[in-house]
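# Observations on the three-dimensional arrangement
Given next are the chains, with one letter for each unit.
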Amino acid sequence: MNSGDIWLILSMAVVGALIGGITNHLAIKMLFKPHRAIYIGKWRLPFTPGLIPKRRDDLARSLGKTVVEHLLTPAGMQAKLRDKDFQNKVDAGVQREVLRFLRSEKTIRQLLADINVELKAETLYTSAAKLVSKQLYLHGDQELSSLLPEELKQRKEAAAAHAASHIQQMLLSYVDSYDGRRKIQELVRSFLQGRGFLGSMLSSFMDPESAADKIQPVITESVGSEGTNRWLQQLLAGEMDKLLNRKINDVTNVIGQDTVEEGIKQLLAHAIPLDRLLNTPVSVYTKPIQDNVLSEKVSLLVQRLLERLAGQVPVLMGQLELAKMVEQEVSGFPLDRVEDLVLAISKREFKLITYLGFLLGGIIGIVQGIIALFV
């Protein structure tokens, strides 16, 4: 083989390599470009637009199907949610956030303000009073006793006895006092003055002061007697029965709707100091549970939530329609971004295909050169 033959083989190898490499490079470029069809008059140039722009909708549909069937599958998601390492990470994160919240120095009012909720104690009291008043109106045909718990109604007799003893002691204290003695004197004087001649005659035998001294012990004995106590108990119990047997509407109409609402409002304000509660830091309320709530309770809660979520994964993924979401996203990608996305994944492989074109073209050129020599 002379030098001319060698140059022939080498030249054909070079030409073949260039043809193979450039052809593969153009074929790769034609996957993405041109982005739009090119027309000469009414005639569209072949292979325009490129393969991927032309089949972008099919590519998007295929990617969506691939993602759902092979990448983000319900079984894979369930396995991840039930993975112990993943659960431990979630547990640690939740415990950290729970502890941060429990130790927060922010007040309830400040926490609500962070989510654009403003609470005013006066507004809450008014709203609650209106709500209770409305419920009273809706149940107005019922007896007042229906509002009381059974236990409280059973203590009615004890309440009447306690009230009677209290009233009796107040009366005894008043009768035995200086003011009580003066009141008795005034009553005796008024009685004698209202009896005309008989009163004047009686006044000559006794003065109001001496009469009060004689009457005061009698009144004290009468007021402090057991019979008076029983009479007061019966009187109070009877009045309580009459009140409890009245219709709710009858009572509220007598009192007045506005008065009822104001009374309920004042009762709530006295029983529930909302301003103080709302302006107290969260840490004050949570201090008793800060050390105990974290370990077992939060871990158990996280485990149960993740297990429940894992059980609902197929339903959730079906409702999310991931395939359609991926299809819509890919269909909306700019073509330049689609090209960049594919190249970012397969750039190295595309280069190898180009180099393979050079190699195969060169080999084919050498084979053609050898065949040409023999022919």
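Basis of the calculations
Residues numbered from 1 in each chain as written. Predicted model: local features only at pLDDT ≥ 70, side-chain atom pairs only at ≥ 80, totals over all residues. Heavy atoms only, no water. Helix = DSSP H or I, 4+ residues; strand = E, 2+ residues; numbered from the N terminus. Contact = heavy atoms within 4.5 Å. Salt bridge = Lys/Arg side-chain N within 4 Å of Asp/Glu carboxyl O. Buried < 20%, exposed > 50% of the residue type's maximum accessible area, 1.4 Å probe, protein only. Axes fitted to C-alpha atoms, helices over the stretch in contact; angles between N-to-C directions. Parallel < 35°, antiparallel > 145°, perpendicular 65-115°, else oblique. Left-handed = near helix turned anticlockwise from the far one by under 90°. Nonpolar A, V, L, I, M, F, W, Y, C, P; charged D, E, K, R; others polar. Arc of directions from axis to C-beta. Patch = residues over 30% accessible without salt bridge, like charges linked within 9 Å, V, L, I, M, F, W, Y side chains within 5 Å. Areas by Shrake-Rupley, 256 points an atom, 1.4 Å probe, with all protein chains shown as cover. 1 Å grid on protein atoms, 1.4 Å probe; cavity = no way out; pocket = protein on both sides within 12 Å on 5 of 7 lines; lining within 4 Å. Points joined across faces, edges and corners; volume = space filled by probe spheres on them. pLDDT = per-residue confidence, 0-100.

## Observations regarding the environment of Gln168
- Positionally, Gln168 belongs in helix 9 (residues 156-176).
- Sequence separation of Gln168 and Thr228 is 60 residues, and the distance between their C-alpha atoms is 8.0 Å.
- With near-sequence residues (within four places) excluded, Gln168 lies in contact with Val223, Gly224, Ser225, Thr228, Asn229 and Leu232.

## Section: the pattern of salt bridges
- According to the stated counting rule, one finds seven salt bridges in the structure shown.
- One salt bridge in this structure joins Asp114 and Lys106, with 2.7 Å as the shortest N-O distance.
- In this structure, the salt-bridge partner of Lys130 is Glu261, at a minimum N-O distance of 3.6 Å. Of this pair, Lys130 sits in helix 7 (residues 121-138) while Glu261 sits in helix 15 (residues 257-271), and the two are 131 residues apart along the sequence.
- When its relative accessible area of 46% is taken as the criterion, Lys130 is described as partly exposed.

## Things to note about the packing of helix 1 (residues 3-32) against helix 20 (residues 335-374)
- Helix 20 packs onto helix 1 with a crossing angle of 155 degrees between their chain directions and a minimal axis gap of 6 Å. When the axes of helix 1 and helix 20 are compared, the pair comes out roughly antiparallel. In this structure, the crossing between helix 1 and helix 20 has a hand that is right-handed.
- Residues belonging to the contact of helix 1 with helix 20 are distributed by class as follows: 19 nonpolar, 12 polar and two charged.

## Examining the packing of helix 3 (residues 56-71) against helix 19 (residues 322-331)
- Here helix 3 crosses helix 19 at 145 degrees, and the two axes come no closer than 8 Å. Read as a crossing pair, helix 3 and helix 19 show a hand that is right-handed. When helix 3 is examined against helix 19, the residues Arg56, Asp57, Ala60, Arg61, Leu63, Gly64, Lys65, Val67 and Val68 are found in contact with a partner set consisting of Leu322, Ala323, Val326, Glu327, Val330 and Ser331.
- Of the residues in the contact of helix 3 with helix 19, the class split is eight nonpolar, two polar and five charged.

## Quick look at helix 14 (residues 248-255)
- Within helix 14 the residues assigned to the buried category are Ile248, Val251 and Thr252. Axial view of helix 14: buried residues confined to an arc of 95 degrees, hence all on one face. Residues Asn253 and Val254 are exposed on helix 14 and point more than 90 degrees away from its buried face.
- Considering only its buried residues, helix 14 is in contact with helix 7, helix 13 (226-244) and helix 15.
- Within two residues after helix 14, Gly256 carries a phi angle of roughly 105 degrees, on the positive side.

## Quick word on a nonpolar patch on the surface
- Side chains of Val14, Leu18, Ile22, Leu26, Met30, Leu352, Tyr355 and Phe358 sit close together on the surface and give an oily, nonpolar patch of about 740 Å² of accessible area.
- Sorting the residues of the nonpolar patch by element identifies helix 1 and helix 20 as the ones contributing at least two each.
- For the nonpolar patch, the leading source of residues is helix 1, giving five residues.
- Mapped onto the elements of the fold, Leu352 is located in helix 20.
- For Leu352, a relative accessible area of 45% gives the class partly exposed.

## Some details on the layout of surface pockets
- By volume, the largest pocket is sized at about 180 Å³.
- Those elements that place two or more of their residues in the lining of the largest pocket are helix 1 and helix 20.
- Among the residues forming the lining of the largest pocket, the class breakdown is four nonpolar, two polar and three charged.

## Notes on unusual backbone geometry
- One non-glycine residue, Asn116, lies in the positive phi region at around 60 degrees.
- Mapped onto the fold, Asn116 is located in the loop between helix 6 (108-114) and helix 7.

## As for the confidence of the model for the protein
- Residues at a pLDDT of 70 or more form 91% of the protein, whose mean pLDDT is 80.
- The least confident element of the protein, judged by mean pLDDT, is helix 11 (residues 196-205) at 50; the most confident is helix 5 (residues 84-102) at 87.

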